[in-house]
Amino acid sequence: QVQLVESGGGLVQPGGSLRLSCAASGAIFTFRTMAWYRQVPGKQRESVATIASSGRTNYADSVKGRFTTSRDNAKNTVYLQMNSLKPEDSAVYYCYVRVGATDYWGQGTQVTVAS
């Protein structure tokens, strides 16, 4: 059973920072590309960042230069460091991995950027 558990969301002022974590069940982690998505009510879920098993990363244009994703294979954990947060970054953030033909999502963590 694949499990992804996010943590680290919360309320932060514009310009502030948050770090999200996603703990993954072990067998699926090391060789998998992991991804972060976010979703606001009424909109489609959108990709924020991906990190390959090699450590190679990709980012949505809207977060480039502000967000950084990293992984610790020993801890089966992937991180999303979010700096210079804007109100439009407010969303539920999800961790994602595809194993075979199956998509797995975490439960999501709410990020709210407001003064």
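None of these values were measured; they are calculated from a predicted model.

**Student:** How should the packing of aromatic side chains be read in this particular structure?
**Tutor:** The description of two aromatic rings rests on the distance between their centres and on the angle between their planes. Across all of its chains, the model carries 4 aromatic pairs by this definition. Ring geometry for Y37 against W105: centres 5.0 Å apart, planes inclined by 75 degrees, an arrangement best described as edge-to-face. In this pair, Y37 sits in strand β4 (residues 34–39) while W105 sits in strand β10 (residues 102–105), placing the two residues 68 residues apart along the sequence. Of the residues examined, W105 reaches a relative accessible area of 34% and is grouped as partly exposed. Relative to W105, the ring of Y94 lies with its centre 6.3 Å away and its plane at 85 degrees, an arrangement referred to as edge-to-face. Residue Y94 is found in strand β9 (residues 91–99), and its partner W105 is found in strand β10; the two are separated by 11 residues along the sequence. Among the residues examined, Y94 registers a relative accessible area of 14% and is labelled buried.

**Student:** Please clarify how the side chain of T109 should be interpreted in this entry.
**Tutor:** Residue placement: T109 occurs in strand β11 (residues 109–113). For T109, a relative accessible area of 10% puts it in the buried group. At 3.1 Å, the side chain of T109 forms a polar contact with the backbone nitrogen of G9. With residues up to four places along the chain from it excluded, the contact list for T109 reads E6, S7, G8, G9, L20, A91, V92 and Y93.

**Student:** Explain the nonpolar core to me, please; I cannot follow it from the model alone.
**Tutor:** The nonpolar side chains of soluble globular proteins are, as a tendency, buried together. Core analysis: the largest hydrophobic core is formed by 28 residues, its most contacted members being M34, L80, M82 and Y93. Those elements giving two or more residues to this core turn out to be β3 (18–24), β4, β5 (46–51), β8 (77–82), β9 and β11. For this core, the leading source of residues is β9, giving 5 residues. Apart from the residues within four sequence positions on either side, Y93 is in contact with E6, L20, Y37, R38, V48, F67, L80, M82, G108, T109 and V111.

**Student:** What exactly am I supposed to notice about the pairing of β10 here?
**Tutor:** Consecutive residues of a regular strand have side chains that alternate between opposite faces of the sheet. Here β9 pairs with β10 via 4 bridges, running antiparallel. Considered in β10, the bridge of V99 is made with T102. Between the antiparallel neighbours β9 and β10 lie 2 residues, among them G100 with a positive phi of about 65 degrees.

**Student:** Can you help me understand the pairing of strand β1 (residues 4–7) in this one?
**Tutor:** The alternating pattern of β1 places L4 and E6 on a buried face and V5 and S7 on a face that is not buried. As paired strands, β1 and β3 are joined by 4 bridges and run antiparallel to one another. Counted as the bridge partner of S7 is S21 from β3.

**Student:** So what exactly am I meant to see when it comes to unusual backbone geometry here?
**Tutor:** What you tend to see is this: most non-glycine residues have negative phi, and most peptide bonds are trans. You will see that N76, though not glycine, has its phi angle at about 50 degrees, which is positive. Note on placement: N76 falls in the loop between β7 (67–72) and β8.

**Student:** Got a minute to help me understand the sheet that holds β3 in this structure?
**Tutor:** Strand pairing within a sheet occurs via backbone hydrogen bonds; the two strands may be parallel or antiparallel. The strand order across the open sheet built from 4 strands is β1-β3-β8-β7, with neighbouring strands paired in antiparallel fashion. Edge strands, defined here as strands with exactly one partner in the open sheet, are β1 and β7. Between one strand axis and the next, the sheet turns through 15 degrees on average, direction left out of account.

Rules of the game
- Residues numbered from 1 in each chain as written.
- Predicted model: local features only at pLDDT ≥ 70, side-chain atom pairs only at ≥ 80, totals over all residues.
- Heavy atoms only, no water.
- Phe/Tyr/Trp six-rings, centres within 6.5 Å; stacked < 30°, edge-to-face > 60°.
- Helix = DSSP H or I, 4+ residues; strand = E, 2+ residues; numbered from the N terminus.
- Buried < 20%, exposed > 50% of the residue type's maximum accessible area, 1.4 Å probe, protein only.
- Polar contact = N/O pair within 3.5 Å; in protein donor to acceptor, adjacent residues only side chain to side chain.
- Contact = heavy atoms within 4.5 Å.
- Core = buried A, V, L, I, M, F, W, Y, C linked by side-chain atoms within 4.5 Å.
- Pairing = 2+ DSSP bridges.
- Axes fitted to C-alpha atoms, helices over the stretch in contact; angles between N-to-C directions.

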